[in-house]
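# An overview of the molecular structure
Single-letter residue listing:
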Amino acid sequence: MKWACLLAVSLLAVGLVSEAAPQETTKKAEAVKPAPSPSDAILKQWNEIGRKLIAMAEDFPEDKYDFKGAPSADGFAQRLIHAAAANYYFTNAAAGKKMSGEEDPPRSQFASKAALVAYVRKSFADGAAAVKAKGDKGMSEVVVDQFAQDIRGRAGHEQIRLGDLATSVVEHSGEVYGQLTVYYRAASAIPPEARPKQAVLDVKPTLPDGKIRTYYIAAVETDWDYAPTGMNMMTGTEFVGHPKVWTEHTKDRIGKVYRKALFREYTDETFATEKKRPPEWEHLGVMGPLIRAEVGDTIVIHFVNKATQPYSMHPHGVSYERDSEGTPYPDTSMDGAGLVSPGQTHTFVWNVPERAGPGDGDGSSVVWLYHSHNWEPKDVEAGLIGPMVITRHGMARPDGSPKDVDREFAMLFMLIDENASHYLQQNIDAHIQDPKSVNKLDMVPLDLEGNLNGAGQGFGTANFKASINGYIFGNLPTPVMKRGERVRWYVMTMGGQVNYHTPHWHGNVVTVDKHHTDIFSILPAQFVTADMVPDKVGTWMFHCHIDEHMEMGMMAMYQVQP
(Lines give C-alpha, C1' and ligand atoms only; values in the text may rest on other atoms or scores of the structure.)
Protein backbone atom coordinates (compact mmCIF):
# COMPACT_ATOMS: atom_id res chain seq x y z
CA MET A 1 0.00 0.00 0.00
CA LYS A 2 1.65 3.20 -1.19
CA TRP A 3 0.98 6.28 0.87
CA ALA A 4 0.97 9.86 -0.38
CA CYS A 5 1.95 12.65 1.97
CA LEU A 6 -0.97 14.00 3.93
CA LEU A 7 -1.05 17.61 5.03
CA ALA A 8 -1.08 17.90 8.80
CA VAL A 9 -3.90 19.96 10.23
CA SER A 10 -3.53 22.14 13.32
CA LEU A 11 -6.05 21.71 16.09
CA LEU A 12 -8.14 24.64 17.29
CA ALA A 13 -9.72 24.44 20.71
CA VAL A 14 -13.17 25.91 20.99
CA GLY A 15 -14.66 26.94 24.31
CA LEU A 16 -18.29 26.28 25.03
CA VAL A 17 -20.19 28.77 27.10
CA SER A 18 -23.39 27.98 28.92
CA GLU A 19 -25.89 30.77 29.45
CA ALA A 20 -27.52 31.27 32.81
CA ALA A 21 -31.29 30.81 32.91
CA PRO A 22 -32.81 34.27 32.28
CA GLN A 23 -35.62 33.78 34.81
CA GLU A 24 -33.37 32.70 37.72
CA THR A 25 -31.59 35.95 38.54
CA THR A 26 -30.64 34.79 42.04
CA LYS A 27 -28.44 32.00 40.68
CA LYS A 28 -24.90 32.59 39.58
CA ALA A 29 -24.19 32.17 35.90
CA GLU A 30 -22.73 28.80 35.14
CA ALA A 31 -18.97 28.74 34.93
CA VAL A 32 -17.41 28.84 31.50
CA LYS A 33 -16.42 25.33 30.53
CA PRO A 34 -12.74 24.92 29.80
CA ALA A 35 -11.68 24.27 26.23
CA PRO A 36 -10.89 20.59 25.55
CA SER A 37 -7.23 19.75 25.84
CA PRO A 38 -5.34 18.77 22.65
CA SER A 39 -5.42 15.06 23.50
CA ASP A 40 -9.12 15.18 24.47
CA ALA A 41 -9.98 16.88 21.16
CA ILE A 42 -8.06 14.24 19.21
CA LEU A 43 -9.63 11.41 21.21
CA LYS A 44 -13.13 12.73 20.48
CA GLN A 45 -12.44 12.88 16.73
CA TRP A 46 -10.79 9.45 16.75
CA ASN A 47 -13.68 7.76 18.57
CA GLU A 48 -16.33 9.48 16.44
CA ILE A 49 -15.01 8.30 13.09
CA GLY A 50 -14.29 4.92 14.66
CA ARG A 51 -17.91 4.63 15.77
CA LYS A 52 -19.13 5.33 12.24
CA LEU A 53 -16.82 2.82 10.55
CA ILE A 54 -17.51 0.12 13.14
CA ALA A 55 -21.26 0.66 12.62
CA MET A 56 -20.77 0.17 8.88
CA ALA A 57 -18.70 -2.97 9.44
CA GLU A 58 -21.42 -4.44 11.65
CA ASP A 59 -24.31 -3.35 9.43
CA PHE A 60 -23.25 -4.19 5.86
CA PRO A 61 -24.52 -7.66 4.85
CA GLU A 62 -21.78 -10.29 4.97
CA ASP A 63 -22.80 -11.68 1.59
CA LYS A 64 -22.05 -8.24 0.11
CA TYR A 65 -18.73 -7.70 1.91
CA ASP A 66 -16.84 -8.07 -1.36
CA PHE A 67 -19.21 -5.79 -3.26
CA LYS A 68 -17.33 -3.31 -5.47
CA GLY A 69 -18.59 0.14 -6.30
CA ALA A 70 -16.74 -0.17 -9.64
CA PRO A 71 -14.96 -3.09 -11.35
CA SER A 72 -11.49 -1.65 -10.70
CA ALA A 73 -12.19 -0.67 -7.09
CA ASP A 74 -11.46 -2.54 -3.87
CA GLY A 75 -14.31 -4.45 -2.30
CA PHE A 76 -16.20 -3.06 0.68
CA ALA A 77 -14.29 -5.28 3.12
CA GLN A 78 -10.88 -4.33 1.69
CA ARG A 79 -11.64 -0.64 2.18
CA LEU A 80 -12.46 -1.33 5.84
CA ILE A 81 -9.19 -3.25 6.20
CA HIS A 82 -7.36 -0.32 4.62
CA ALA A 83 -8.84 2.16 7.14
CA ALA A 84 -8.10 -0.09 10.12
CA ALA A 85 -4.52 -0.76 8.98
CA ALA A 86 -3.88 2.97 8.62
CA ASN A 87 -4.66 3.45 12.30
CA TYR A 88 -1.45 1.65 13.19
CA TYR A 89 0.66 4.29 11.47
CA PHE A 90 -0.27 6.42 14.46
CA THR A 91 -0.50 3.71 17.12
CA ASN A 92 2.91 2.21 16.34
CA ALA A 93 4.53 5.63 16.11
CA ALA A 94 3.11 6.49 19.54
CA ALA A 95 4.60 3.28 20.92
CA GLY A 96 7.97 3.88 19.28
CA LYS A 97 7.52 0.99 16.87
CA LYS A 98 8.03 0.86 13.12
CA MET A 99 5.42 -0.32 10.68
CA SER A 100 5.90 -3.99 9.87
CA GLY A 101 5.28 -3.40 6.16
CA GLU A 102 3.55 -1.25 3.58
CA GLU A 103 0.72 -3.56 2.60
CA ASP A 104 -2.74 -3.91 4.17
CA PRO A 105 -3.53 -7.32 5.67
CA PRO A 106 -4.95 -9.54 2.91
CA ARG A 107 -8.70 -10.04 2.65
CA SER A 108 -8.15 -13.79 3.06
CA GLN A 109 -6.90 -13.21 6.60
CA PHE A 110 -10.49 -12.50 7.70
CA ALA A 111 -12.58 -15.62 7.25
CA SER A 112 -15.78 -14.09 8.58
CA LYS A 113 -17.56 -10.80 9.07
CA ALA A 114 -17.06 -11.14 12.82
CA ALA A 115 -13.28 -11.40 12.39
CA LEU A 116 -13.13 -8.26 10.28
CA VAL A 117 -15.43 -6.33 12.63
CA ALA A 118 -13.15 -7.32 15.51
CA TYR A 119 -10.09 -6.08 13.59
CA VAL A 120 -11.69 -2.71 12.82
CA ARG A 121 -12.90 -2.33 16.41
CA LYS A 122 -9.46 -3.25 17.83
CA SER A 123 -7.62 -0.83 15.55
CA PHE A 124 -9.64 2.10 16.86
CA ALA A 125 -9.48 0.87 20.46
CA ASP A 126 -5.68 0.59 20.25
CA GLY A 127 -5.43 4.10 18.81
CA ALA A 128 -7.71 5.56 21.50
CA ALA A 129 -5.62 3.88 24.20
CA ALA A 130 -2.46 5.36 22.68
CA VAL A 131 -3.92 8.88 22.71
CA LYS A 132 -4.90 8.52 26.36
CA ALA A 133 -1.48 7.11 27.30
CA LYS A 134 0.46 9.88 25.58
CA GLY A 135 -1.74 12.71 26.87
CA ASP A 136 -1.28 16.37 26.00
CA LYS A 137 2.47 16.31 26.35
CA GLY A 138 2.81 13.29 24.10
CA MET A 139 0.78 14.93 21.35
CA SER A 140 3.62 17.45 20.96
CA GLU A 141 6.31 14.78 20.52
CA VAL A 142 8.02 14.66 17.14
CA VAL A 143 8.08 11.27 15.39
CA VAL A 144 9.08 9.92 12.00
CA ASP A 145 6.25 10.48 9.53
CA GLN A 146 5.41 7.07 8.12
CA PHE A 147 3.28 8.78 5.47
CA ALA A 148 6.42 10.33 3.96
CA GLN A 149 7.93 7.02 2.94
CA ASP A 150 6.80 7.49 -0.68
CA ILE A 151 8.89 10.67 -1.04
CA ARG A 152 12.18 9.72 -2.63
CA GLY A 153 15.15 10.54 -0.44
CA ARG A 154 13.00 11.51 2.56
CA ALA A 155 11.57 8.15 3.64
CA GLY A 156 12.36 7.61 7.30
CA HIS A 157 13.57 11.20 7.75
CA GLU A 158 10.45 13.35 7.49
CA GLN A 159 9.14 14.24 10.93
CA ILE A 160 5.74 15.26 12.27
CA ARG A 161 4.14 16.04 15.61
CA LEU A 162 2.32 13.01 17.01
CA GLY A 163 -0.93 14.99 17.38
CA ASP A 164 -0.82 16.07 13.74
CA LEU A 165 -0.16 12.48 12.70
CA ALA A 166 -3.26 11.35 14.63
CA THR A 167 -5.34 14.06 12.96
CA SER A 168 -4.11 12.97 9.52
CA VAL A 169 -5.13 9.39 10.26
CA VAL A 170 -8.58 10.57 11.40
CA GLU A 171 -8.95 12.51 8.14
CA HIS A 172 -7.92 9.42 6.20
CA SER A 173 -10.58 7.37 8.00
CA GLY A 174 -13.11 10.08 7.12
CA GLU A 175 -12.20 9.74 3.45
CA VAL A 176 -12.73 5.98 3.61
CA TYR A 177 -16.05 6.54 5.36
CA GLY A 178 -17.13 8.81 2.49
CA GLN A 179 -16.11 6.16 -0.02
CA LEU A 180 -18.08 3.48 1.82
CA THR A 181 -21.24 5.61 1.79
CA VAL A 182 -20.97 5.47 -2.01
CA TYR A 183 -20.78 1.65 -1.76
CA TYR A 184 -24.01 1.73 0.26
CA ARG A 185 -25.76 3.86 -2.33
CA ALA A 186 -24.52 1.66 -5.17
CA ALA A 187 -25.90 -1.35 -3.30
CA SER A 188 -29.29 0.45 -2.95
CA ALA A 189 -28.92 0.74 0.83
CA ILE A 190 -28.79 3.60 3.34
CA PRO A 191 -25.70 4.03 5.59
CA PRO A 192 -26.48 3.64 9.31
CA GLU A 193 -25.59 7.24 10.06
CA ALA A 194 -28.04 8.52 7.45
CA ARG A 195 -31.03 6.55 8.72
CA PRO A 196 -33.71 8.31 10.74
CA LYS A 197 -33.17 7.92 14.47
CA GLN A 198 -36.59 6.83 15.69
CA ALA A 199 -35.23 6.02 19.15
CA VAL A 200 -34.37 9.66 19.86
CA LEU A 201 -37.85 10.93 19.02
CA ASP A 202 -39.98 11.86 21.98
CA VAL A 203 -43.25 11.40 20.11
CA LYS A 204 -46.55 10.79 21.83
CA PRO A 205 -50.03 10.16 20.41
CA THR A 206 -52.21 13.22 19.92
CA LEU A 207 -54.73 11.79 22.40
CA PRO A 208 -53.84 9.51 25.35
CA ASP A 209 -55.48 6.45 23.77
CA GLY A 210 -54.08 7.14 20.31
CA LYS A 211 -51.40 5.23 18.43
CA ILE A 212 -48.10 6.08 16.77
CA ARG A 213 -48.46 5.23 13.08
CA THR A 214 -44.98 4.85 11.58
CA TYR A 215 -44.14 4.88 7.86
CA TYR A 216 -40.88 4.61 5.92
CA ILE A 217 -41.25 6.56 2.67
CA ALA A 218 -38.72 7.61 0.04
CA ALA A 219 -38.79 9.81 -3.03
CA VAL A 220 -37.46 7.69 -5.88
CA GLU A 221 -36.92 8.40 -9.57
CA THR A 222 -38.31 5.91 -12.04
CA ASP A 223 -39.73 5.62 -15.56
CA TRP A 224 -43.53 5.68 -15.51
CA ASP A 225 -45.71 4.22 -18.28
CA TYR A 226 -49.10 5.96 -18.58
CA ALA A 227 -50.49 3.10 -20.72
CA PRO A 228 -48.51 -0.05 -19.82
CA THR A 229 -50.74 -2.42 -21.86
CA GLY A 230 -49.87 -0.51 -25.03
CA MET A 231 -53.58 -0.47 -25.88
CA ASN A 232 -56.66 1.67 -25.57
CA MET A 233 -58.43 -0.53 -23.03
CA MET A 234 -61.66 1.43 -23.40
CA THR A 235 -61.97 0.25 -27.01
CA GLY A 236 -59.90 -2.93 -26.79
CA THR A 237 -57.79 -1.80 -29.75
CA GLU A 238 -54.39 -0.34 -30.48
CA PHE A 239 -54.11 3.42 -30.32
CA VAL A 240 -55.46 4.95 -33.49
CA GLY A 241 -56.44 8.48 -34.46
CA HIS A 242 -56.36 11.35 -31.98
CA PRO A 243 -55.36 9.24 -28.89
CA LYS A 244 -51.98 8.67 -30.55
CA VAL A 245 -51.11 12.30 -29.72
CA TRP A 246 -50.69 11.25 -26.05
CA THR A 247 -49.34 7.73 -26.52
CA GLU A 248 -47.18 7.53 -29.65
CA HIS A 249 -43.42 8.02 -29.52
CA THR A 250 -42.30 9.97 -32.59
CA LYS A 251 -39.37 12.15 -33.57
CA ASP A 252 -41.03 15.11 -31.85
CA ARG A 253 -43.15 13.44 -29.13
CA ILE A 254 -41.97 11.64 -26.00
CA GLY A 255 -44.81 9.11 -26.02
CA LYS A 256 -46.23 7.42 -22.94
CA VAL A 257 -43.14 6.73 -20.78
CA TYR A 258 -41.73 9.57 -18.67
CA ARG A 259 -39.10 9.91 -15.98
CA LYS A 260 -40.81 10.85 -12.71
CA ALA A 261 -40.23 11.12 -8.97
CA LEU A 262 -42.67 9.10 -6.86
CA PHE A 263 -43.30 8.46 -3.17
CA ARG A 264 -42.74 4.79 -2.37
CA GLU A 265 -43.05 2.92 0.93
CA TYR A 266 -40.29 0.72 2.41
CA THR A 267 -40.41 -2.07 4.96
CA ASP A 268 -38.08 -0.60 7.61
CA GLU A 269 -35.47 2.02 8.48
CA THR A 270 -32.82 0.48 6.20
CA PHE A 271 -34.81 1.55 3.11
CA ALA A 272 -33.39 -1.50 1.35
CA THR A 273 -36.69 -3.25 0.47
CA GLU A 274 -39.66 -1.53 -1.11
CA LYS A 275 -42.95 -2.58 0.45
CA LYS A 276 -45.10 -4.46 -2.03
CA ARG A 277 -48.59 -3.09 -2.52
CA PRO A 278 -51.42 -5.55 -1.89
CA PRO A 279 -53.59 -6.30 -4.95
CA GLU A 280 -56.48 -4.17 -3.67
CA TRP A 281 -54.23 -1.08 -3.70
CA GLU A 282 -52.41 -1.59 -6.99
CA HIS A 283 -54.79 0.96 -8.48
CA LEU A 284 -52.94 3.74 -6.57
CA GLY A 285 -50.56 3.79 -9.50
CA VAL A 286 -48.45 6.93 -9.61
CA MET A 287 -49.59 8.00 -6.13
CA GLY A 288 -47.59 7.37 -2.99
CA PRO A 289 -48.67 4.91 -0.28
CA LEU A 290 -52.00 5.33 1.47
CA ILE A 291 -51.26 6.89 4.88
CA ARG A 292 -53.85 6.04 7.53
CA ALA A 293 -54.62 7.29 11.02
CA GLU A 294 -57.48 7.52 13.48
CA VAL A 295 -58.33 10.78 15.22
CA GLY A 296 -56.06 10.94 18.27
CA ASP A 297 -53.13 9.19 16.57
CA THR A 298 -49.78 10.67 15.59
CA ILE A 299 -48.22 9.92 12.20
CA VAL A 300 -44.43 9.55 12.10
CA ILE A 301 -42.85 9.40 8.65
CA HIS A 302 -39.17 8.58 8.23
CA PHE A 303 -38.35 10.01 4.82
CA VAL A 304 -35.34 9.49 2.55
CA ASN A 305 -34.81 11.52 -0.59
CA LYS A 306 -33.33 9.08 -3.11
CA ALA A 307 -33.98 11.52 -5.97
CA THR A 308 -31.80 14.24 -7.52
CA GLN A 309 -33.92 17.26 -6.52
CA PRO A 310 -34.73 18.65 -3.05
CA TYR A 311 -38.14 17.33 -1.99
CA SER A 312 -40.41 17.25 1.06
CA MET A 313 -43.68 15.88 2.41
CA HIS A 314 -46.43 18.42 3.09
CA PRO A 315 -49.77 17.19 4.47
CA HIS A 316 -53.24 18.71 4.27
CA GLY A 317 -55.62 18.70 7.21
CA VAL A 318 -53.45 17.40 10.05
CA SER A 319 -51.47 19.42 12.60
CA TYR A 320 -47.68 19.93 12.46
CA GLU A 321 -44.78 22.13 13.49
CA ARG A 322 -42.77 24.01 10.89
CA ASP A 323 -40.06 21.34 10.70
CA SER A 324 -42.74 18.85 9.62
CA GLU A 325 -44.49 21.20 7.18
CA GLY A 326 -42.23 20.63 4.19
CA THR A 327 -42.56 24.21 2.91
CA PRO A 328 -39.80 26.83 2.38
CA TYR A 329 -39.69 30.03 4.44
CA PRO A 330 -37.16 32.89 4.19
CA ASP A 331 -36.38 32.76 7.92
CA THR A 332 -35.99 28.99 8.24
CA SER A 333 -33.26 26.53 7.25
CA MET A 334 -34.09 23.68 4.88
CA ASP A 335 -34.02 21.11 7.68
CA GLY A 336 -36.00 23.42 9.96
CA ALA A 337 -38.73 23.64 7.31
CA GLY A 338 -38.74 19.93 6.48
CA LEU A 339 -37.05 20.30 3.08
CA VAL A 340 -34.79 17.39 2.21
CA SER A 341 -31.75 17.56 -0.08
CA PRO A 342 -30.85 14.59 -2.32
CA GLY A 343 -29.43 11.71 -0.30
CA GLN A 344 -30.62 13.14 3.02
CA THR A 345 -33.26 12.04 5.53
CA HIS A 346 -35.90 13.75 7.64
CA THR A 347 -38.56 12.68 10.11
CA PHE A 348 -42.01 14.25 9.78
CA VAL A 349 -44.40 14.21 12.75
CA TRP A 350 -48.07 14.94 12.04
CA ASN A 351 -50.66 15.05 14.82
CA VAL A 352 -54.24 14.02 14.10
CA PRO A 353 -56.65 16.18 16.16
CA GLU A 354 -60.41 16.00 15.84
CA ARG A 355 -60.51 18.73 13.18
CA ALA A 356 -58.45 16.48 10.88
CA GLY A 357 -61.15 13.80 10.94
CA PRO A 358 -64.75 13.58 9.74
CA GLY A 359 -67.14 16.40 10.62
CA ASP A 360 -70.65 15.99 11.99
CA GLY A 361 -72.17 15.42 8.57
CA ASP A 362 -69.43 13.11 7.27
CA GLY A 363 -69.11 9.37 7.25
CA SER A 364 -66.57 7.45 9.31
CA SER A 365 -63.52 8.61 7.30
CA VAL A 366 -62.32 11.46 5.10
CA VAL A 367 -59.49 11.85 2.63
CA TRP A 368 -56.66 14.39 2.44
CA LEU A 369 -53.59 14.68 0.22
CA TYR A 370 -49.89 14.91 0.96
CA HIS A 371 -47.33 16.08 -1.57
CA SER A 372 -43.88 17.59 -1.95
CA HIS A 373 -43.91 21.37 -1.43
CA ASN A 374 -40.28 22.41 -2.00
CA TRP A 375 -41.14 23.67 -5.50
CA GLU A 376 -44.79 22.75 -5.35
CA PRO A 377 -45.89 22.93 -9.00
CA LYS A 378 -42.84 21.12 -10.37
CA ASP A 379 -42.73 18.62 -7.48
CA VAL A 380 -46.35 17.56 -7.92
CA GLU A 381 -46.21 17.45 -11.72
CA ALA A 382 -43.11 15.26 -11.30
CA GLY A 383 -45.32 12.80 -9.41
CA LEU A 384 -44.82 13.38 -5.66
CA ILE A 385 -48.36 13.13 -4.32
CA GLY A 386 -50.35 10.61 -2.29
CA PRO A 387 -53.58 10.03 -0.29
CA MET A 388 -54.10 10.19 3.48
CA VAL A 389 -57.26 8.83 5.11
CA ILE A 390 -58.32 9.85 8.62
CA THR A 391 -60.94 7.74 10.43
CA ARG A 392 -63.30 9.00 13.12
CA HIS A 393 -62.20 8.29 16.72
CA GLY A 394 -63.51 4.90 17.79
CA MET A 395 -64.44 3.84 14.24
CA ALA A 396 -61.11 2.40 13.10
CA ARG A 397 -59.86 -1.14 12.77
CA PRO A 398 -56.32 -1.82 14.06
CA ASP A 399 -54.87 -0.81 10.66
CA GLY A 400 -56.74 2.52 10.75
CA SER A 401 -59.39 1.63 8.15
CA PRO A 402 -63.05 2.43 8.92
CA LYS A 403 -65.00 -0.44 10.50
CA ASP A 404 -68.21 0.22 8.57
CA VAL A 405 -66.67 0.06 5.09
CA ASP A 406 -65.96 -3.11 3.08
CA ARG A 407 -63.79 -1.64 0.31
CA GLU A 408 -61.99 1.63 -0.34
CA PHE A 409 -60.59 3.14 -3.53
CA ALA A 410 -58.49 6.30 -3.90
CA MET A 411 -58.70 8.14 -7.23
CA LEU A 412 -56.58 11.10 -8.34
CA PHE A 413 -58.18 12.80 -11.35
CA MET A 414 -55.29 14.91 -12.61
CA LEU A 415 -54.27 16.35 -15.92
CA ILE A 416 -50.55 15.95 -15.24
CA ASP A 417 -48.49 18.63 -16.95
CA GLU A 418 -45.18 17.01 -17.86
CA ASN A 419 -44.13 20.35 -19.35
CA ALA A 420 -43.87 21.67 -15.77
CA SER A 421 -42.03 18.65 -14.33
CA HIS A 422 -38.45 18.83 -13.09
CA TYR A 423 -37.68 16.08 -15.61
CA LEU A 424 -38.95 17.60 -18.87
CA GLN A 425 -35.51 18.19 -20.36
CA GLN A 426 -34.33 14.79 -19.14
CA ASN A 427 -37.31 13.19 -20.89
CA ILE A 428 -36.60 15.15 -24.07
CA ASP A 429 -32.96 14.09 -24.06
CA ALA A 430 -33.88 10.45 -23.44
CA HIS A 431 -36.63 10.09 -26.06
CA ILE A 432 -36.16 12.72 -28.78
CA GLN A 433 -33.49 11.97 -31.37
CA ASP A 434 -32.71 15.67 -31.94
CA PRO A 435 -33.53 17.43 -28.62
CA LYS A 436 -32.56 20.85 -29.97
CA SER A 437 -35.27 20.62 -32.61
CA VAL A 438 -38.08 20.46 -30.05
CA ASN A 439 -40.48 23.38 -29.95
CA LYS A 440 -41.72 23.37 -26.36
CA LEU A 441 -44.43 25.89 -27.23
CA ASP A 442 -46.00 23.64 -29.88
CA MET A 443 -49.66 23.48 -28.77
CA VAL A 444 -52.19 23.50 -31.60
CA PRO A 445 -55.96 23.56 -30.78
CA LEU A 446 -56.88 21.33 -33.74
CA ASP A 447 -57.61 17.63 -34.12
CA LEU A 448 -55.86 15.46 -36.69
CA GLU A 449 -58.46 16.43 -39.32
CA GLY A 450 -57.82 20.14 -38.85
CA ASN A 451 -61.02 20.83 -36.87
CA LEU A 452 -61.02 23.14 -33.85
CA ASN A 453 -60.52 20.95 -30.78
CA GLY A 454 -59.69 21.92 -27.18
CA ALA A 455 -57.71 18.71 -26.67
CA GLY A 456 -55.43 19.70 -29.54
CA GLN A 457 -52.08 18.33 -30.64
CA GLY A 458 -48.39 19.27 -30.74
CA PHE A 459 -45.39 18.63 -28.46
CA GLY A 460 -46.65 20.72 -25.53
CA THR A 461 -50.16 19.27 -25.74
CA ALA A 462 -48.85 15.71 -25.87
CA ASN A 463 -47.18 16.26 -22.49
CA PHE A 464 -50.53 16.87 -20.77
CA LYS A 465 -51.62 13.45 -19.49
CA ALA A 466 -55.32 13.36 -18.60
CA SER A 467 -54.94 10.55 -16.11
CA ILE A 468 -56.60 8.73 -13.25
CA ASN A 469 -53.84 7.71 -10.84
CA GLY A 470 -51.31 8.18 -13.63
CA TYR A 471 -53.10 5.92 -16.14
CA ILE A 472 -54.82 6.89 -19.38
CA PHE A 473 -57.25 5.25 -21.80
CA GLY A 474 -58.53 2.56 -19.42
CA ASN A 475 -55.11 1.31 -18.25
CA LEU A 476 -55.96 1.80 -14.56
CA PRO A 477 -55.94 -1.56 -12.70
CA THR A 478 -59.66 -2.28 -12.40
CA PRO A 479 -61.24 -1.66 -8.96
CA VAL A 480 -63.32 -4.73 -8.07
CA MET A 481 -66.20 -4.97 -5.59
CA LYS A 482 -69.26 -7.11 -4.93
CA ARG A 483 -72.93 -6.18 -5.17
CA GLY A 484 -74.26 -4.89 -1.85
CA GLU A 485 -70.87 -4.12 -0.33
CA ARG A 486 -70.22 -0.82 1.42
CA VAL A 487 -67.74 0.89 -0.89
CA ARG A 488 -65.99 4.20 -0.22
CA TRP A 489 -64.40 6.24 -3.00
CA TYR A 490 -61.82 8.91 -2.14
CA VAL A 491 -61.69 11.29 -5.11
CA MET A 492 -59.04 14.02 -5.39
CA THR A 493 -57.42 16.42 -7.81
CA MET A 494 -54.41 18.73 -7.84
CA GLY A 495 -52.46 20.89 -10.26
CA GLY A 496 -53.19 23.90 -12.45
CA GLN A 497 -56.44 25.55 -13.48
CA VAL A 498 -57.14 22.93 -16.15
CA ASN A 499 -57.75 20.48 -13.31
CA TYR A 500 -61.47 20.99 -13.05
CA HIS A 501 -63.07 17.54 -13.27
CA THR A 502 -66.44 15.83 -13.17
CA PRO A 503 -65.98 12.20 -12.01
CA HIS A 504 -68.81 10.04 -13.33
CA TRP A 505 -69.73 6.42 -12.56
CA HIS A 506 -71.75 4.43 -15.09
CA GLY A 507 -74.13 1.77 -13.80
CA ASN A 508 -74.30 2.80 -10.14
CA VAL A 509 -74.61 5.87 -7.95
CA VAL A 510 -72.72 7.35 -5.00
CA THR A 511 -73.81 9.39 -2.01
CA VAL A 512 -72.07 12.72 -1.38
CA ASP A 513 -73.26 15.12 1.33
CA LYS A 514 -76.39 12.96 1.80
CA HIS A 515 -77.20 13.42 -1.88
CA HIS A 516 -77.44 10.55 -4.38
CA THR A 517 -75.64 11.24 -7.66
CA ASP A 518 -73.51 9.60 -10.31
CA ILE A 519 -71.42 12.71 -11.00
CA PHE A 520 -70.02 15.70 -9.12
CA SER A 521 -67.41 18.43 -9.61
CA ILE A 522 -63.99 18.91 -8.06
CA LEU A 523 -61.50 21.79 -8.32
CA PRO A 524 -57.70 21.74 -7.87
CA ALA A 525 -56.68 20.66 -4.33
CA GLN A 526 -60.22 19.48 -3.54
CA PHE A 527 -60.92 16.10 -1.96
CA VAL A 528 -64.32 14.38 -1.86
CA THR A 529 -65.42 11.21 -0.05
CA ALA A 530 -68.23 9.35 -1.84
CA ASP A 531 -70.06 6.22 -0.65
CA MET A 532 -71.52 3.52 -2.89
CA VAL A 533 -73.58 0.39 -2.32
CA PRO A 534 -73.45 -1.07 -5.85
CA ASP A 535 -76.57 -2.88 -6.99
CA LYS A 536 -75.86 -3.30 -10.70
CA VAL A 537 -73.44 -6.10 -11.61
CA GLY A 538 -71.08 -5.58 -14.52
CA THR A 539 -67.96 -3.80 -15.73
CA TRP A 540 -68.67 -0.10 -15.94
CA MET A 541 -67.03 3.03 -17.24
CA PHE A 542 -65.59 5.51 -14.72
CA HIS A 543 -64.31 8.78 -16.18
CA CYS A 544 -64.18 12.57 -16.23
CA HIS A 545 -67.18 13.88 -18.14
CA ILE A 546 -65.38 16.93 -19.59
CA ASP A 547 -65.19 16.27 -23.33
CA GLU A 548 -61.56 17.24 -23.84
CA HIS A 549 -60.47 15.17 -20.84
CA MET A 550 -62.27 12.10 -22.18
CA GLU A 551 -60.69 12.58 -25.57
CA MET A 552 -57.25 12.83 -23.90
CA GLY A 553 -57.80 9.54 -22.06
CA MET A 554 -59.20 10.33 -18.58
CA MET A 555 -61.18 7.10 -18.55
CA ALA A 556 -61.13 3.87 -16.56
CA MET A 557 -63.40 0.96 -15.61
CA TYR A 558 -64.65 -0.58 -12.38
CA GLN A 559 -66.24 -3.98 -11.87
CA VAL A 560 -69.16 -5.09 -9.69
CA GLN A 561 -69.30 -8.84 -9.11
CA PRO A 562 -72.41 -10.77 -8.02
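Residues numbered from 1 in each chain as written. Predicted model: local features only at pLDDT ≥ 70, side-chain atom pairs only at ≥ 80, totals over all residues. Heavy atoms only, no water.

### Side note on the overall build of the protein
Counting secondary structure elements, the protein contains 9 helices and 24 strands. Taken over the C-alpha atoms alone, the protein extends approximately 90 × 70 × 45 Å along its principal axes. Each of the 562 residues in the protein was classed as buried or not, and the buried ones make up 49%. In the protein, the proportion of contacts linking residues at least 24 apart, taken out of those at least 6 apart, comes to 73%. As displayed, the protein has an accessible area near 26100 Å², and 53% of this comes from carbon and sulfur atoms. When the 56 positive and 70 negative side-chain charges of the protein are each reduced to one mean point, those points stand 6 Å apart. (Helix = DSSP H or I, 4+ residues; strand = E, 2+ residues; numbered from the N terminus. Buried < 20%, exposed > 50% of the residue type's maximum accessible area, 1.4 Å probe, protein only. Contact = heavy atoms within 4.5 Å. Areas by Shrake-Rupley, 256 points an atom, 1.4 Å probe, with all protein chains shown as cover. Lys, Arg positive; Asp, Glu negative; His and termini not counted. Charge placed at Lys NZ, Arg CZ, Asp CG, Glu CD.)

### Considerations on the packing of helix H1 (residues 38–59) against helix H3 (residues 113–139)
Relative to each other, H1 and H3 sit at 180 degrees, their axes nearing to 9 Å. Judged by the angle between their axes, H1 and H3 are roughly antiparallel. Considered class by class, the residues forming the contact of H1 with H3 number 14 nonpolar, 6 polar and 7 charged. (Axes fitted to C-alpha atoms, helices over the stretch in contact; angles between N-to-C directions. Parallel < 35°, antiparallel > 145°, perpendicular 65-115°, else oblique. Nonpolar A, V, L, I, M, F, W, Y, C, P; charged D, E, K, R; others polar.)

### Some thoughts on the pattern of salt bridges
Counted under the stated rule, the structure contains 19 salt bridges. Put simply, Lys-244 and Glu-248 hold a salt bridge, and the shortest N to O gap is 3.5 Å. It is possible to trace a salt-bridge network through shared partners that takes in Lys-244, Glu-248 and Arg-253. (Salt bridge = Lys/Arg side-chain N within 4 Å of Asp/Glu carboxyl O.)

### A look at unusual backbone geometry
Positioned with a positive phi, Asn-469 is a non-glycine residue whose angle comes to about 60 degrees. Note that Asn-469 resides in the loop between strand S16 (464–468) and strand S17 (480–482). The phi torsion at Phe-473 lies on the positive side, around 50 degrees, for a residue other than glycine. Here Phe-473 shows up in the loop between S16 and S17.

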